[in-house]
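Examination of the molecular architecture
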Amino acid sequence: MDLPIKDFGDILFAENDRRSKYIRVPFTPMINDSKATFSSLFRKLDSLEFYERIDSNDHLTTTEFNENHLRSKKLAESVVNLMRYGWKLPSPQLIISVTGGAHLFKLSTPRARNAFQRGLIAAAVTTDAWIITGGTYAGVMKEVGDAVDKRRYKNTKTPSKVQCIGIGSWYYTTDHQYLAKQLSEPSIISVHPTTSLKSFEHVLSSDNTNFECITSTLTHIPRNFQSKTTLWQNIQIEQTPKVYRIRTPSSNENSCPLDPNHTHFILLDDMLGENVESIPTEFSTSVNCRADLTIKPRTEIEHTISEIYDIPIVQILANGGASSVLTVCYTLQQGTPVIVIEGTGRAADEIAREYRYLYGNQSTKYGEQRSLEIYNRASSKFEPFANRLRSTSRHHPVLNHTNLEQFIQQLTSREGYFLILIFQFYTEEGEQKLDDAILHALFNAAKLIQNEGKQRITELKLAMAWNKFDRIQRNILTDKTIFQWTDLELDQALRDSIRMNNIRCADLLIEYGASFDRLPRLNLLEKLYQDETDVLPYSQHILENMHRREESFNWSRFDKTYFYEDYLNVTQDVSLNWGDSSTVKYGLLDDENLSTNLESHFEHAVCVFNAIDMIQINGFLNTISIRFDSTKLLLSNRSLVCYLISPTDDLNSFLIVHKCQLRLVPTIFSDIHQYKTIEKQIFVTSGQYIAIGFTPQTGFPCAIPQRNQHSINLNQIINRSPTAAKQPIQFKVNSQLGVAISFTIDPVPTFFRDLFLWSLFFKHHKMVTYLCSRSSNTTIAALLASKVYHQAAQLTIKHEERINFFAKQKEFETHASMIIDMCFAENEQFALNILTKKSPIYFNKDPLQIAQEINSRTFLTTKTVQRYLDQQWYGYLNEYDQRIFWISSLIFIMCFVPILIPIQALSKFIISDQRQLNTWEKKRHVIGWSARIIYRFKEFYRGRAIVRFFYNIVFYILFLTLFSYVLLVDYFPINNNGGQRSGYKNLAIPTAEIFLHILIWSLIFEEGNEFVHHWKEQQKNGSRHIVRDYFLQDKWNIMDLVASLIYLVAFITRFIATEQAFMISKITMCIDLFLWYIRLLHVFFAFERLGPKLLMIFNTMKDLLFFIYFIMVFLVAYSVTSFALITTKHQVYWKRKSDHQQSSDDFDLLNNGSNLWNWRIIRNILDWSVWKVYGEITLETSYYFNNEKVGIDDDAYGVVALLLTIFFVSVASFLLLNVLVALFNVTIQKVHDSAHESWAYHRFRLVTEYNKKTFLPPPLNVFIYIAYPLYTLIRRYLPKTLKTTYGIHDDNEIMKIDSNLFNMVVFNGVDRILRKGFINSVTINFHSPPRISNPSIILYLLANEKDNPNKFLVVDEYILPTNHIYQGQRGVQTILLDRPLKCYEKQFVALAFDMYAGTPDIVKDRNEYSVNLHDFCRMKNKGKSIHFMNYSNKGAAFSFTILRRSSKIPLSNTEGQLLEQIYVNESTDETKLDLFKQQLSNTSDERWNLTESTQNKFEERDNMLRENSIADDYWKEVIDKIKDCEDKMIED
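Remember, it's a predicted structure, so these values are computed and weren't measured experimentally. (Residues numbered from 1 in each chain as written. Predicted model: local features only at pLDDT ≥ 70, side-chain atom pairs only at ≥ 80, totals over all residues. Heavy atoms only, no water.)

1. Digging into the pattern of salt bridges
Scanning the model with the defined rule gives 42 salt bridges in all. D487 serves as the salt-bridge partner of R518, at 4.0 Å between the closest nitrogen and oxygen. Linking R518 in the loop between α19 (503-511) and α20 (524-531) with D487 in helix α18 (residues 487-499), this pair joins segments that are 31 residues apart in sequence. Since its relative accessible area comes to 13%, R518 is described here as buried. With a closest N to O distance of 2.6 Å, D491 and R521 form a salt bridge. A residue pair is termed long-range when its members are at least 10 positions apart, and D491 in helix α18 and R521 in the loop between α19 and α20 qualify at 30 residues. (Salt bridge = Lys/Arg side-chain N within 4 Å of Asp/Glu carboxyl O. Helix = DSSP H or I, 4+ residues; strand = E, 2+ residues; numbered from the N terminus. Buried < 20%, exposed > 50% of the residue type's maximum accessible area, 1.4 Å probe, protein only.)

2. With respect to the nonpolar core
If you look at the biggest cluster of nonpolar residues, it comprises 165 residues, and the most contacted ones within it are I438, L755 and F761. Broken down by element, this core gets its largest block of residues, 11 residues, from helix α27 (residues 778-795). Sequence-distant contacts of F761, that is, excluding residues within four places in its chain, are made with Y529, D534, V535, L536, F563, Y564, Y567, L568 and V788. (Core = buried A, V, L, I, M, F, W, Y, C linked by side-chain atoms within 4.5 Å. Contact = heavy atoms within 4.5 Å.)

3. So, the pairing of strand β47 (residues 1438-1443)
With 6 of 6 residues buried, β47 lies mostly within the body of the structure. Side chains F1438, F1440 and I1442 project from β47 onto one buried face, and the interleaved S1439, T1441 and L1443 project onto a second face that is buried too.

4. Examining helix α44 (residues 1160-1169)
Buried residues of α44: I1161, N1164, I1165, W1168 and S1169, and no others. For α44, the arc enclosing every buried residue in end-on projection is 115°, short of the 170-degree limit, so these residues lie on one face. (Arc of directions from axis to C-beta.)

5. A closer look at the sheet that holds strand β6 (residues 95-100)
With mixed pairing, the 10 strands of this open sheet are ordered in space as β10-β2-β3-β11-β8-β7-β6-β12-β13-β14. Every other strand in the sheet has two partners, leaving β10 (242-244) and β14 (420-423) as the edge strands with one partner each. Averaged over all pairs of adjacent strands, the angle between strand axes in this sheet comes to 25°, irrespective of strand direction. Relative to strand β12 (residues 313-318), β6 is paired through 6 bridges, and the arrangement is parallel. Residue pairing for β12: I95 is matched across the bridge by I313. (Pairing = 2+ DSSP bridges. Axes fitted to C-alpha atoms, helices over the stretch in contact; angles between N-to-C directions.)

6. Some words on unusual backbone geometry
The step from P1258 to P1259 runs through a cis peptide bond, and the omega angle for that step is 5°. If you trace the backbone, P1259 turns up in the loop between α46 (1235-1252) and α47 (1261-1277). Positive phi values are uncommon outside glycine, yet N523 reaches one of about 50°. Tracing the chain through its elements places N523 in the loop between α19 and α20. In the Ramachandran plot, Q706 falls in the positive-phi region, its phi being about 60° despite a non-glycine side chain. Along the chain, the position of Q706 falls in the loop between β24 (689-694) and β25 (709-713).

7. Quick word on the pairing of strand β21 (residues 653-665)
Examined bridge by bridge, strand β20 (residues 640-647) and β21 share 8 bridges and lie antiparallel to one another. By the bridge assignment for β21, L644 is matched with H658. The hairpin formed by β20 and β21 contains 5 residues between the paired strands. Pairing geometry for β21 and strand β26 (residues 729-730), over 2 bridges, is antiparallel. Each bridged residue has a counterpart across the sheet, and for F654 the counterpart in β26 is I729. For β21 and strand β22 (residues 672-677), the ladder comprises 4 bridges, and the chain directions are antiparallel.

8. Some points on the packing of aromatic side chains
On inspection of all chains with the given rule, the structure shows 62 aromatic pairs. Measuring from centroid to centroid gives 5.7 Å for F654 and Y689, while their planes differ by 90°, and the two rings are edge-to-face. Taken as a pair, F654 in strand β21 and Y689 in strand β24 lie far apart in primary sequence, 35 residues in all. Owing to a relative accessible area of 3%, F654 belongs among the buried residues under this scheme. With centroids separated by 6.2 Å and ring planes inclined at 20°, the aromatic side chains of F955 and F959 adopt a geometry described as stacked. Highlighted residues: F955 and F959, both in helix α37 (residues 945-969), separated by 4 residues, approximately one helical turn. (Phe/Tyr/Trp six-rings, centres within 6.5 Å; stacked < 30°, edge-to-face > 60°.)

9. Digging into the confidence of the model for the protein chain
Overall, the predicted model of the protein chain reaches an average pLDDT of 77, with 78% of residues at or above 70. The least confident element of the protein chain is strand β4 (residues 50-54), whose mean pLDDT is 30; the most confident is strand β42 (residues 1388-1393), at 94. Below a pLDDT of 50 lies the segment residues 550-558, which in the model reaches 18 contacts outside its immediate sequence neighbourhood of four places, other chains included. In the model, residues 1446-1495 has pLDDT below 50 throughout and makes 88 contacts with residues more than four positions away in sequence or in other chains. (pLDDT = per-residue confidence, 0-100.)

10. Notes on the sheet that holds strand β39 (residues 1337-1344)
What the 7 strands build is an open sheet, ordered β45-β40-β39-β42-β37-β44-β46; its pairing is antiparallel. Since the sheet does not close on itself, it has two edges, and those belong to β45 (1426-1427) and β46 (1429-1431), each with one partner. Note: strand β37 (residues 1304-1308) against strand β44 (residues 1408-1412), 5 bridges, orientation antiparallel. The partner of V1306 across the bridge, within β44, is S1410. Sheet strands in contact with helix α48 (residues 1413-1421) are β37, β39, β40 (1351-1359), β42, β44 and β45, and its direction is about 80° off that of β44.

Printed below as a string of structure tokens:
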């Protein structure tokens, strides 16, 4: 809805310099209708009779204003949305509405005043409540404002963010004209939830509202207004908030100023004009004063807040007059509880007195439970009570003609009895707390809820909001009451606990049966993203995108999309593993025994389902397909009804939990009809069934045998009473039949992940920890949380917030580290599998990858990561647990004596054991010494980083040797005078230097290549500080950069043939050599004993820098002053007439006091003083004046210089030096305590660096960088091999177990054909040998059905010639095809074994697909797809060879003739090829290579459960600590 407003902005109160936001909302009161809520927005005013709007399609339309289109409810929703999105108020858990006396109110004692303020703010802070008042600086409103002001720092270091909102009358506000911006026309602001964030970020959002930006931020502005310059001029009049001064209105003014302690004001304009001094006649019977016209709008707004946020509301009455009675009546009409504070006078005391008269004193006692029995007994007093009030109303101070009848009606109603609570600050039992009374009033209001389930949920929400966990355990969720709760109610309560960030209640609900898996049916995420406003910061890049884009989609998707892009670098959700996330299909539509006479089985309307199609996974119902009798097609176009059925303890009794209408979806099939639900998708859970209701008018479906059909007369369901509808119903069972109904379910495997990320993005820190503990991949979840907090710390501009985010990052890094090391202690290989296992739920990332992205030192230094680094460094060592020194020595020797690599006796100590065979070894099928030697060379050079390390270190030492040699004896100016260099005439520079430059440039190229790799990885991870991270994460890169830059200076000046240029070149080359020598220190990080020592040196160097700074101060002070003293007599010569003359006034100056400065003086000063730091104390210098050495003499200058020398040497040699030693001790101790962790991190950087290098060092690695792209290009266009073998028939993976595949058709999913060719031979490893000669073995070519991974179509078949098969012989036997069979990409080769053909061995992890041979042939003959069963951890031991024609590779004569004959005689069957391509799946190769790793999906699931089991104890301790902290906060 569009909210037309004239005035809005910020108010700056002069009294306390506080800012509040305000908005002026016009409305029109309803005339003489006490039952109606407030009316439409505008009367037809001249200025608003017509206005222009921009519709959703951005087309200009002119529409006459229609007041019926903007009803009160919509206006209230617009105001609430403005508070929600424009002002960005945090979501409340409670609304506290305060009303009462304005001018005459005053609490009796200061003690009562303190109790009122303390109780009100305690309730607001505990529940994050909004307090709503009339907003004026008088009476109870002023008391509320003072409470907010005084109690905001109570028990907290930061101000409590209590939102105090004033809803009052615009014209009742004193000096309201100063808040008007004098706009000639109102602005039209769209405040619908789908409004773009751009609008809300600038309009009424921040504390520095800039009215110059209004032109770009209003979502809808009447276009004809844009032509009026007065509008924009008026908008830009003010750039600062309105200053508001509180003054006491004069006696003839019917107004009151605004309270300065309220945070927001909604000022309602009744549109009656400025000069209306009295109530218009049409309102005189319904209101007491003009301000009363806002009672109904205020009540409507409060009630709308309660509805939108799904939170309770309570009203507090203190004192008050006739208007307050009217407010209470309207509030009770809305079902809102009212707390009447007795003893405050007037209306409050009157209501308390009359309430006691009706219901007695017992009903007003605090803590008493209300009952209908008391209300029924009081009904006899209602009529006398009403008559008495009517007779005395003329002289009654608070009851008059405007409120009397409503007061009588509400006080005698059932709602009035339950909703009114009489409260006293002090009773006979002692002092009562207002916050406890509020909770008790809300519990009383909950008793009015008719639905018992909703009542239980409401009570639980109230207890959670008030942190009354003991009440929950004692009265609400107990072993005795839990049977009353349904799964839906438990899930709704779990949803509320998540929204309230209450992990204690969430944990209890999970214990009693609530489930995260069922929460998607509540549309939780969409509501959560709409409700919250306190979120993590966006990056500038994302904000710019948000402002540029037209946000036409809803708020939740908008936020989720941008958060994922900003924090996770995920622009769209990563597709999950097909077996976990794809649509799951249930039911069958066809069968060989398909029957068309099902209608005869039913004589009436029926509701039917197949029990065999029980839902196995939670998800949303997608489509329902029904095959109808072809003779009744016209009848089947009618709409159907779908029923969601849940089982009960009785086998044949079921409970109907939901029903919905189905709509027909047009399809190309004539007899198969598809349906979707008319309403939103239905969420189903495992164990439920989908039943369909059929009538003779809709037609009946076809029959399928053996589907365990359950049916019931549809009329029994339709005609049941509402009470009976909640009871189970008995179905009839026919196990021999079934109906042709199928349906698909869309799982939601990412819901829990999205919920976890929501808690991260919206700062629900406690819930983040709890959800992380419940995650199926708890290690990855903890690291992902750490990554989000790391990114948030980078984006925020607030220092305290940044510190908190870094602390949270460290906390979750510690969680992940503790869990992974606990798994490591349990089993090393198990922990390593977790470390490198990608999670399809968490964006296909593994823990190690996430830890690298955020540079998590805590995680990268864990034992698990270090064990992983051992494998990367040394390779997979076998069970011979040799010492690392001997293994390293052996590898070093083999690096430089490669002939030793193939020797089994040596390589067995370093080669990978059979459990860790890589992919290449598993797929090799050529048995021979040459293949094994090649494999050992490949494994040696590829499998370990230490080989690259040794080669690079040896190269580096040779490089430094050459560098030193060149600079010492072979570095001369460029040869431009015809001389000789290295024995060659006219050679510009020596050959050694040429080779040196080649080596240095290869090093620079290597560093550049390393930076490019870093850039690509960081860009892929979404890093915004790529260059900075490159140098800060590894400080050696800074030295590499400096050394390279210095070398470039030396290299350029090297070729300039001048003395100065050569001098610069030689000096910079020497400095460069110095840096390259220091760079050699990084090799120490490879060794655990040397690495920590190097860290100690680096850290003590920081202390040395501080020492140098301090000593330089003393050094400069001493050296300058003392040197000035000892050189004075050499610069000034006093002339004495005799040796006995003590003083003279005649002197001469050296060089007449001119030109005494030269740069050598600085060196002389340093030479005089700097050596004294090292203990060389001499009183003479090497500086001469007129052949006279300068030193300390026996004159006054010398004495002072001597004293300064003694002082300096004492400070430098004793004080500062000992301070330096003390600093070193502290630093070394600190480094020693964390030495292992620091070394482990630097070792990780080192291993990662060398793992990426080539096995050849510079400059030879340049050839690899050049050759690799060429090699890839050649392999792409010129295939190396003609034969490609798929499958395994003789490998260590064979389990030597009979596969028992007789009368079965089988293939291995990992052996999908990758390139087209011709199948030439099939090799089978028989476990059960053929029992007859020429056994029947048939080869089938299969193609996968696009929408179902388990269904396949037969493309071709071939009866294998088995005349050469040996009967009764086990083991490997090869079958050559008489004529090669053509095959294409993405096809599968399946073999069919009959009863006597024998069966192959079982192979591990080949993703087996198999089906009964009889069923296979039956469906094949019908031309239909065949459903295979999948066993991913098994496979059949057979392989097949595919030939491809190539002129580059020779073939045997037989193979060449066969292929040539096929290519010459082959007819181009394009139709068959096109059909095959249409049948191919669009999925990636990963579907069929599910078991390429060493684990199958069962092992992965076991590992996941094992990880969670290990982490449970740890997380329990963490959660318990959080609960203890909550308890302490509640006590405080």
